[in-house]
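Structural features, examined
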Amino acid sequence: MTRTLSPKLVAYVGLAAVGLVAALALRLQELVVVAAPFALLPAVSLLLARSPRIETDVELERERALEGEELEARVALTAETGAARLEVLLELPRGIGVTDGHDPASISIGHDDRRDLRLRLCCERWGGYRVGRVFLRAHDRFGFVAWEWEVDRRSPLKVYPREEFIRDLLRPLETQVFSGHHVSRQRGEGIEFADLRLFVPGDHVRHVNWRATARRGDLWVNEQHAERNADVLLFMDTFSEASREGRSTLDLALRAAASLIGRYLQQKDRVGFVTFGGMLNWMLPATGTIQLYRLVDSLIDTQIVLNYAWRDIDVLPRRTLPPKAMVIALTPLLDDRAAGALLDLRARGFDLVVVEISPQPFMPAPSGEVSSVARRVWDLRREALRVRFQEAGVPIAVWNDERALAEGLEEVTTFRRRGRVVVA
Amino acid sequence: MLFVALVGIAGWLLAGLALLIRRPLLLAWGLAGVGAEYATFLRLRGGSVDSRAALVAAVLLLAAELAFLSLAGGLAGADKGLIVRTAGGIAAAVASAALLADLLLVVSGSASAGLALEAIGVGAAVCAVAIVVRLAAR
């Protein structure tokens, strides 16, 4: 705790001294009358001032919240020795705002008194935060002396990105061996009819197709497509981002990633992720609710780290890219390294889908002829890159804040229906 | 009287500027300017003890308290209890200052002038400032 004298004290003492000296010099007793309160008030206030002893605790309503949700924070103050005026500031990180309550707040707390300050916090941006550092400043009755100290009662607060509405998920071209919700090309136990074949010993009687059997005279059985799960890998391009007014392409990418992770895991698919950028981060594909929390907890630590080193796909551990996995890349296509790595993935035979997080809404409108031409050249280069992906059989969905993610995914599905995808 | 008014205006302008640019020591100079205006007025007027000195003391203290409260951020974010307590504290301080000033005027009116009394006055002034400084350093 640090004790500081306020400038007010210096001013009052100075005024009192000047007034009293002037009174003596000019022989004006009225000046004594005017100056005396400026000496007496600090004297009385300092005489009555006591160093505060205040216990502080911070409680958050919960540890996890969704982007845009509100939660309550309570700062509990228990004073053994109170303060005439106590200023309390709960340090809030960027991305957490106050919707109701004062921060900083000024209160009066007496001896053996207890006060609770309640703040309604709004989780404005996803991320992993630690909330609970409180800065306190106590004043004596007339503000001549102040005591300042801080209390660290930080606890974690995880703000998850809010989910996007997705009607239909992208269907992977290849499935894995475990049961799931995707209709596989392989024959096996399932619902979707695949073909007819002659009965062989060991077949279940319930699979006999009696109509075909009656027509052909031999026993024929139905074959079904097996229902299998798939491996889905989310590839986050974190080399660069476009941002404006507190929003960025990374925010959109994370929102899409969180939505896709939740939906694919619901379908019993194995989901993993790779953040490919200045800092590499990955999580091996797995399934289940625990994986959902692991993935989302890891995702909210994602950040753009500036790096000029050239990186290709070889830097990723082999196990992060399981064979036959569907790779969904979330990228603003602003960095050649990410584009190169994605084309490399496609060349290696991965089922690749690119969701382009459009940086256009984050760009200022071009002003002047030169910048208009520059913007057009930039647009053309981006279009050329998209064509390169499409020529390689990679569907590209362009998504921004103004349209639903479901629309973008539907574009991919349409591309796949019409386009001829060659898996090497 | 024009000179008195000029000194007073300069004092209030300085105080206003101090509030605008949030400089406490400049505010002290402004208040000193207002005090100087009163001293100039008394010097030019001459005659008996000014009975309005108590009122001047109370108003100057009130102005100083409110100005320093404003410089300290006012009462933004303060709860009702603190606002009431602060207002009550300032009112009590101003009332006490007026009472004290009245008392001092009565005492000074009844005392007869002399070297000893002046020496006591100097000692009291030095002691008053020293006590405040000592309390602040505690």
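Our subject is the structure listed above.
No experiment lies behind these values; they were computed from the predicted model shown.

When its secondary structure is counted, chain A shows 8 helices and 20 strands. The C-alpha atoms of chain A give 34 Å as radius of gyration, which overshoots the globular expectation for 424 residues (22 Å, by more than 25%). Overall, chain A is about 135 × 60 × 35 Å in size when its C-alpha atoms are taken along their principal axes. A total of 424 residues make up chain A; the buried ones form 50% of that total. Approximately 21,200 Å² of chain A is accessible, and the part contributed by carbon and sulfur atoms is 51%. With 58 positive and 58 negative side-chain charges, chain A shows a separation of 3 Å between the mean positions of the two kinds.

Glancing now at the interface of chain A and chain B. With 45 residues of chain A in contact, the opposing surface of chain B contributes 53 residues. Of the roughly 3,900 Å² buried between chain A and chain B, counting both surfaces, carbon and sulfur atoms make up 71%. If you sort the residues of chain A by the area they bury against chain B, E30, V33 and R85 of chain A come out on top, with a joint share of 15%. Between E65 of chain B and K8 of chain A there is a salt bridge whose closest N-O contact spans 3.0 Å. At the surface where chain A touches chain B, the tally comes to 6 residue pairs in polar contact (both at pLDDT 80 or more). No other element matches helix α2 (residues 29–48) of chain A, which puts 16 residues into the side of chain A that touches chain B.

A word on the side chain of S184 of chain A. Residue and element names in this part refer to chain A. Following the sequence through the fold, S184 ends up in strand β11 (residues 179–198). Of the polar contacts made by the side chain of S184, one reaches the side chain of Q186; its length is 2.5 Å. Apart from the residues within four sequence positions on either side, S184 is in contact with T175, H225, A226 and R228.

Conventions adopted
- Position numbers for residues count from 1 along each chain, tracking the sequence in the order it is written.
- Chains carry letters and ligands carry numbers; both start at the beginning, A for chains and 1 for ligands, and go up in the order they are written.
- Only residues with pLDDT of at least 70 are given local features in this predicted model, and only at 80 or more are side-chain atom pairs given and counted; all residues enter the totals for whole chains, interfaces and linings.
- Based on all heavy atoms of the structure, the side-chain values leave hydrogens and waters out of the count.
- A helix here means a DSSP run of H or I that spans at least four residues, while a strand means a run of E at least two residues long, and both kinds are numbered starting from the N terminus.
- Radius of gyration means the value over C-alpha atoms here, while the globule rule gives 2.2 Å times the residue count to the 0.38 power.
- A simple rule labels every residue: compare its accessible area, found with a 1.4 Å probe on the protein chains alone, to the largest value its type can have, and call it buried under 20%, exposed over 50%, or partly exposed in between.
- Here the open area of atoms and residues is found with the Shrake-Rupley method and a 1.4 Å probe, where only the protein chains shown may cover a residue.
- When charges are counted, Lys and Arg are positive and Asp and Glu negative, with His and the chain ends excluded.
- Every charge is mapped to an atom, namely NZ of Lys, CZ of Arg, CG of Asp or CD of Glu.
- Residue contacts are defined here by distance: any two heavy atoms, one from each residue, within 4.5 Å place the two residues in contact.
- A 1.4 Å probe defines the accessible area here, and the buried area is the portion of it lost by two parts on being joined, summed over both.
- One speaks of a salt bridge when a side-chain nitrogen belonging to Lys or Arg is within 4 Å of a carboxyl oxygen belonging to Asp or Glu.
- Whenever two N or O atoms come within 3.5 Å, that pair is a polar contact, provided that in protein one can donate a hydrogen and the other can accept it, and provided that, for residues adjacent in sequence, both atoms are side-chain atoms.

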